[in-house]
Protein chains: 2
Amino acid sequence: MKKIKGGITCPKGFKATGNHIGVKKKRKDLAIIYSEVPAKVSGVFTKNVVKAAPVIWCQGILKRKKTIQAVVINSGNANACTGEVGKKHTAIMAEKTAKCLNLDLYEVLVSSTGIIGVPLPIEKITNGIEENYKNIGNKVEDGNLAAEAIMTTDTFAKQIAVELTIGGKAVKIGGMAKGSGMIHPNMGTMLSYITTDANISQELLDKAFKESNLDSYNMISVDGDTSTNDTAIIMANGLACNEEIIEENEDYEKFKKAVHYVNLYLAQQIVKDGEGAGKLISVTVSGAKTKEDARKLSKSVITSNLVKTAFFGEDANWGRIVCALGYAGVDFDLNKTSISFNCLGNEIYLMQNGIPLEFDEEIAKKILMEVEIAVNIILEEGKEQATAWGCDLSYDYVKINADYRT
Amino acid sequence: MKKIKGGITCPKGFKATGNHIGVKKKRKDLAIIYSEVPAKVSGVFTKNVVKAAPVIWCQGILKRKKTIQAVVINSGNANACTGEVGKKHTAIMAEKTAKCLNLDLYEVLVSSTGIIGVPLPIEKITNGIEENYKNIGNKVEDGNLAAEAIMTTDTFAKQIAVELTIGGKAVKIGGMAKGSGMIHPNMGTMLSYITTDANISQELLDKAFKESNLDSYNMISVDGDTSTNDTAIIMANGLACNEEIIEENEDYEKFKKAVHYVNLYLAQQIVKDGEGAGKLISVTVSGAKTKEDARKLSKSVITSNLVKTAFFGEDANWGRIVCALGYAGVDFDLNKTSISFNCLGNEIYLMQNGIPLEFDEEIAKKILMEVEIAVNIILEEGKEQATAWGCDLSYDYVKINADYRT
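Throughout, residues of each chain are indexed from 1 in the direction in which the sequence is written. Note on labels: chains are lettered from A, ligands numbered from 1, in written order. Local features in this predicted model are restricted to residues of pLDDT 70 or higher, and side-chain atom pairs are both shown and tallied only at a pLDDT of 80 or more, whereas totals for entire chains, interfaces and linings draw on every residue.

Chemist: Quick question: what am I supposed to make of the overall build of chain A here?
Modeler: In terms of regular secondary structure, chain A is built from 11 helices and 16 strands. In this treatment the radius of gyration is a C-alpha quantity, and the globule benchmark scales as 2.2 Å times the residue count to the 0.38 power. Over its C-alpha trace chain A gives a radius of gyration of 22 Å, about what one expects of a compact globule, namely 22 Å for 406 residues. Reported as C-alpha extents along the three principal axes, the dimensions of chain A are approximately 70 × 55 × 35 Å. For every residue, the other C-beta atoms within 10 Å of its own C-beta are counted; 20 or more classify it as buried, 12 or fewer as exposed, and values in between as partly exposed. C-beta atoms are placed from the backbone. Expressed as a percentage of the 406 residues in chain A, the buried residues total 61%. Summarising the internal contacts of chain A: among those between residues at least 6 apart in sequence, 80% fall at separations of at least 24. Secondary structure is summarised from DSSP: a helix means a run of H or I of at least four residues, a strand means a run of E of at least two, and numbering begins at the N terminus for each. Residues are scored as being in contact if the C-beta atoms we place from backbone atoms lie within 7 Å.

Chemist: Would you explain the interface of chain A and chain B in this entry?
Modeler: Interfaces are often sized by the amount of accessible area the parts lose when they come together. Of the residues lining the interface, 51 residues belong to chain A; the matching set on chain B comes to 51 residues. Listing elements by their share of the side of chain A that touches chain B, those giving two or more residues are α8 (305-312), α9 (318-326), β14 (355-356) and α11 (395-402) of chain A. With seven residues, the top contributor of residues to the side of chain A that touches chain B is α9 of chain A. Partitioned by chemical class, the residues of the side of chain A that touches chain B number 25 nonpolar, 20 polar and six charged. When residues are sorted by character, Ala, Val, Leu, Ile, Met, Phe, Trp, Tyr, Cys and Pro go into the nonpolar class, Asp, Glu, Lys and Arg into the charged class, and all the rest, Gly among them, into the polar class.

Chemist: I tried to follow the environment of threonine 337 of chain A on my own but got confused; where do I start?
Modeler: Residue and element names in this part refer to chain A. Following the sequence through the fold, threonine 337 ends up in the loop between α9 and β12 (338-343). The exposure class of threonine 337 is buried, given the 25 C-beta atoms found within 10 Å. Put simply, threonine 337 and serine 35 are 302 residues apart on the chain and 50 Å apart in space, counted from C-alpha to C-alpha. Excluding residues within four positions of it along the chain, threonine 337 makes contact with Phe332, Met351, Gly354, Ile377 and Leu379.

Chemist: What's the story with the environment of valine 71 of chain A in this structure? I'm lost.
Modeler: Residues and elements named next belong to chain A. For valine 71, the location among the structural elements is in strand β4 (residues 67-77). Sequence separation between valine 71 and isoleucine 233 is 162 residues; the distance between their C-alpha atoms is 9.6 Å. Discounting chain neighbours no more than four positions away, the residues touching valine 71 are Ile33, Leu109, Ser111, Tyr193 and Ile233.

Chemist: So what exactly am I meant to see when it comes to helix α7 (residues 291-303) of chain A here?
Modeler: Given 3.6 residues per turn, any residue in an α-helix points the same way as the ones three and four places further on. Residues and elements named next belong to chain A. Expected span, for any helix, means 1.5 Å times one less than how many residues it has. The end-to-end C-alpha separation of α7 is 18 Å, in line with the 18 Å expected for 13 residues at 1.5 Å each. Counting buried positions along α7 yields 10 of 13 residues, so the element is predominantly enclosed. Residues of α7 that are buried: Asp293, Ala294, Arg295, Leu297, Ser298, Lys299, Ser300, Val301, Ile302 and Thr303. Considering only its buried residues, α7 is in contact with β9 (220-221), β11 (280-288), α8, α9, β15 (372-378) and β16 (384-391).

Laid out in structure tokens, this is it:
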């Protein structure tokens, strides 16, 4: 597998575009993804009880239909908490896109992201679709435009593409995603779209994508708030013409690994671009009794405001890490717990078997001044491990969020 | 029931003192509470798996003994994550206090608060107890000194006293507490001590105190971090000489109500003095299916970083409130949910039956500029209600916590 230039338009038969249609003042706010042939689809969505209208739309379609051909996405307005009119607006977005692209209504998925509780400016959006759908193209630049158009407070576009060989055929996977606040996904991140030309059975597409989600998007946190709009979708149109992957063989493992690589990359990019974030912190818990324990413990640490502010302050405050482990809802023996930080070959042990160690504050400072820091927590409860990713909590997070709506 | 001047030294037979003994650089750091006669005791402690040594000590005593006579408390060092030496230090603190006050070792409770993971400067503490235990007194000022001595990043001392009549006798209840970071109690707050001269059975003392905890300390959040040292203790020495309360009659209800008043007052003071806090936000959820649902929903809203930063920014961002309700882990129908803000007679409805309302931004701004704001969330699921209290998330919270340890 190798990384290649571009994003969602790299796999064969996928086109995209991104344009400014006036939902936002100046920046791009409409993206369209299109597959030339029907693509199998799998998706995971927010577990928030309050689901935005487009999430409900997508879930409905995925229940009934297993192939789609397009996704239409607006940024600037989340179409969440907008009641019946919100549902109508989502259907209108799908209808308009279907008409323009000559598709069936139920072959179009819809996403929205932005402010909650304000009805969509639906005429601007339908006019925007009408005026821009012909711009779709399969160049890298077309993918770039789409990745830009789904951004809200993101400071950079997040995309990736990889190429691998399956059964002698070149298979490509592309992806794009957006963050960057209200990020604490529970089955799916804010918005993430993966395209692939791999030929794979519906069952295994679901399996690979959903399992990868548990250890990618579901393991990141910017601020502990699970959004109403979290959506992660993969489309597989089979145009790579590899022999269909129908069992969990070597080809499947290769595909799954590549999909996970793409998901993980995008998830980490979301954290790096977290609101006000200056550092990417990874927290690995190993030696846990179960995988779920390891996930809960690592996520509890990375979600703690006190841990996050300590990283912002470049303070080796391992006590707060221990405290966050303690309230994660998992039983473990502190007397068999060790904690270290490392970065670029520097490593310091802060605690070994429950006993605080004297450590070199100079080396600690050196590590903490870096922008990517790894926290390792070693238990002696079992053999499972998990990693969670998050960012520091800074003045800028407060600034960005104190005055978002107005 | 009326509020009276003072705190823990108001009830008959309770003495206290607070002094500087050198754990902290300048400020007071040792408090002793003493009852002239054995006092029945009840307590609730952190549910954090990682418990500080003094918490383990107190839990051990409360299991075996139902009367105590003293509590010794140091601030500046939490004696948490200090392994076997931490346990020894706690026992030494109890031993020294018992010797000075001529008590049995197991009649002394111990608390510590401050930095995690550093062994106590135990000699300073034993010398401090030796040199200062004779200062204990029953004046209001003596209670003030104790309330000051338990502070860490608190900006003011938190205490209260009330007087009520039970069976023709004047009964007093006094209390003191400290916050102000790592505040998201799970059965008990950082540190809270209640004294009373009421004569009441052990069983009903437990019942009144533990039930009150669920709706006072357990319903506040400063930063979502449950500490390793949370402790709330009530001591009842019976010196008011009322006929012992042994059943859930009118006297019991009066006593319970007064205890809850004291706990709630202290809990709210902790939130008001939350690190970096500028506003006290109360979130009431009514019309919930169960009391537990109402608690979960209100606490989810007040714990959300996005909700808290919106209040800091004085932004009527009800969408974030809806989002936090949605991920609370409780099922409810958004289409029957209404939300309003009110303060000092001003009220605005932001949402009614799931539909966002146009509201007067001027009135919203007026309410949001106040320092105490009530958020009312009305469901149509049932008849239960609960209130949670929290504060805004400000630049100062980040500042205080980015550099706490060094």
